[in-house]
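# A look at the structure
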Amino acid sequence: MAALRYAGLDDTDSEDELPPGWEQRTTKDGWVYYANHAEEKTQWEHPKTGKRKRIAGDLPYGWEQETDENGQVFFVDHINKRTTYLDPRLAFTVDDNPTKPTSRQRYDGSTTAMEILQGRDFTGKVVVVTGANSGIGFETAKSFALHGAHVILACRNMTRANEAVSQILGEWHKAKVEAMTLDLSLLRSVQHFAQAFKAKNLSLHVLVCNAAAFALPWSLTKDGLETTFQVNHLGHFYLVQLLQDVLCRSAPARVVVVSSESHRFTDINDSSGKLDFSRLSPPKNDYWAMLAYNRSKLCNILFSNELHRRLSPRGVTSNAVHPGNMMYSSIHRNWWVYTLLFTLARPFTKSMGFPLSRDMRFRESWIDH
C-alpha cells in the first residue's frame, strides 16, 4: 500500500475506483482487464487493489452481445435503443477468488422483481401466470418475459390481457409473450385452457396460480359453487390436475400458489375436527366475504403442501407465498367499507408503481378483471 500511495494511485473515493488514465474492459469470455492509455499497456490486476475480477451473471434483460465488422464485441440495449462497447455487467463484477458469502438476507421490502432476476436467463423456459393482465400477475409475467421466458398470460378478460401483452412487447420487442383465455369461475373454461395449452406441445416449467377474488358479494358460479371458493382454490386445483402430466414431463418444474396470511384466521373443520364441506361453499345465509376469502387461502396452503409431497419426488416442487400487507391495490373495490379503509391506509402503502419483491408482495382482488 505504501508503494501505491507513493505512486498516487490511492487518491480516489473508492478502492475500486480507477485512477486517471485507466479504463476497465472485458474479454469475450467474461474476464475483466485494465488498460492504461498513458503507458499503452494492459493488465489483469486492478491497478489499485491488485485483484482480478470477472463478470457475474448474464446480460440484463433487453441487452444482447454482438460483434462488429472488425470483430470487436459491442452491446445493444433494445429497451433504451442504444449501443455501447462497455459491458453493462461491469457493475456486477466479482473477485476471481470471492470470499465465502455471508448468511445475511439478500432481499428486503424494497427489492424489485428485476433485481431478483438480475443475471438470470430463462430462455427456453415456459411460464404460465393466471390473472396476469394487472397487478402482481402482470409484474410477474413481465419480469419473466424480459428475462427470456416464453410467458403465457392466462386471463379472463382478453381485451386487457392483449393490452398487457402489448405493454410487455413495448418494453422489449423480442419478448415471447402471449395471452390465452382462462375463466376460473367456469370449470369448462379451465378444461378448455388446459386442452389449448397442451395442443401447443410446449413444456411447462413454472405455473403461477395468482388470480383471486376478494370481498365479493355472495353468488354461485355456473358450476353451482360459491364464487370466491371456486376462483381462489378449486379453479386452480383443477388447472394443476389437468396440467400435472406436462409439469412432470418438464421437470424440474414449479407451481407457485399465491395465498395469504389470512389463512390463519379461519377453520374448515367442524366441532368434531372433521372437514366441513359446507364451509367451503356456504349458502347465502352463512356467507361472509372475508371468511370465505380466508378459507380459500387456507385451501391454497393445504393444496400446495400436499401437491409438493406428491410431486416433488418427480421433480415438481410447489410453494405457497404470502404477498405482503403493505401494497396498495384495488382489492377494496367490491365493498365501500374496504374502499374507505384502503383510502385511509394509502399514505402508508406502496403504490402499484413500486416493483415487486421476492415474496410477491402484492395481491390483487381478482387480478384478472
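So, here's what we can say about the structure. Quick caveat, the model's predicted, so the values are computed rather than measured.

Here we come to the overall build of the chain. For the chain, the helix and strand inventory stands at 9 helices and 14 strands. Across the chain, the fraction of contacts at a sequence separation of at least 24, relative to all contacts at a separation of at least 6, is 68%.

With respect to the helices, strands and loops of the structure, isoleucine 55 is situated in strand β4 (residues 53-55). Note: C-alpha distance between isoleucine 55 and aspartate 95 (40 residues apart in sequence) is 9.0 Å. Each residue touching isoleucine 55, except ones within four places of it in the same chain, is listed here: Thr26, Gly30, Val32, Asp87, Arg89, Leu90, Phe92 and Thr93.

Strand residues, when the strand is regular, have side chains that alternate between the two faces of the sheet. Taken across its 5 residues, strand β9 (residues 126-130) has 5 buried, putting it largely inside the fold. Across 5 bridges, β9 lies against strand β10 (residues 150-155) in parallel orientation. Looking across to β10, one finds that valine 128 is bridged to isoleucine 152. Handedness of the β-α-β unit built from β9, helix α3 (residues 135-145) and β10 comes out right-handed. In this structure, β9 lies alongside strand β12 (residues 206-209), joined through 3 bridges in parallel fashion. When the bridges of β12 are listed, valine 127 appears paired with valine 206.

Let's shift gears to the pattern of salt bridges. In total, this model carries 12 salt bridges according to the counting rule given. Ionic pairing is found between lysine 198 and aspartate 245, a salt bridge with its closest N-O pair at 3.4 Å. Of this pair, lysine 198 sits in helix α5 (residues 187-199) while aspartate 245 sits in helix α6 (residues 227-249); the two residues are 47 residues apart in sequence, bridging distant segments of the chain. By relative accessible area, which is 34% here, aspartate 245 ends up partly exposed. In this structure, a network of salt bridges that share partners links the residues Glu139, Lys142 and Glu171.

Rules of the game
Residues numbered from 1 in each chain as written. Predicted model: local features only at pLDDT ≥ 70, side-chain atom pairs only at ≥ 80, totals over all residues. Heavy atoms only, no water. Helix = DSSP H or I, 4+ residues; strand = E, 2+ residues; numbered from the N terminus. Contact = heavy atoms within 4.5 Å. Buried < 20%, exposed > 50% of the residue type's maximum accessible area, 1.4 Å probe, protein only. Pairing = 2+ DSSP bridges. Right-handed = clockwise from strand over helix to strand, strands pointing away. Salt bridge = Lys/Arg side-chain N within 4 Å of Asp/Glu carboxyl O.

Worth remembering: the numbers are spatial, not functional.
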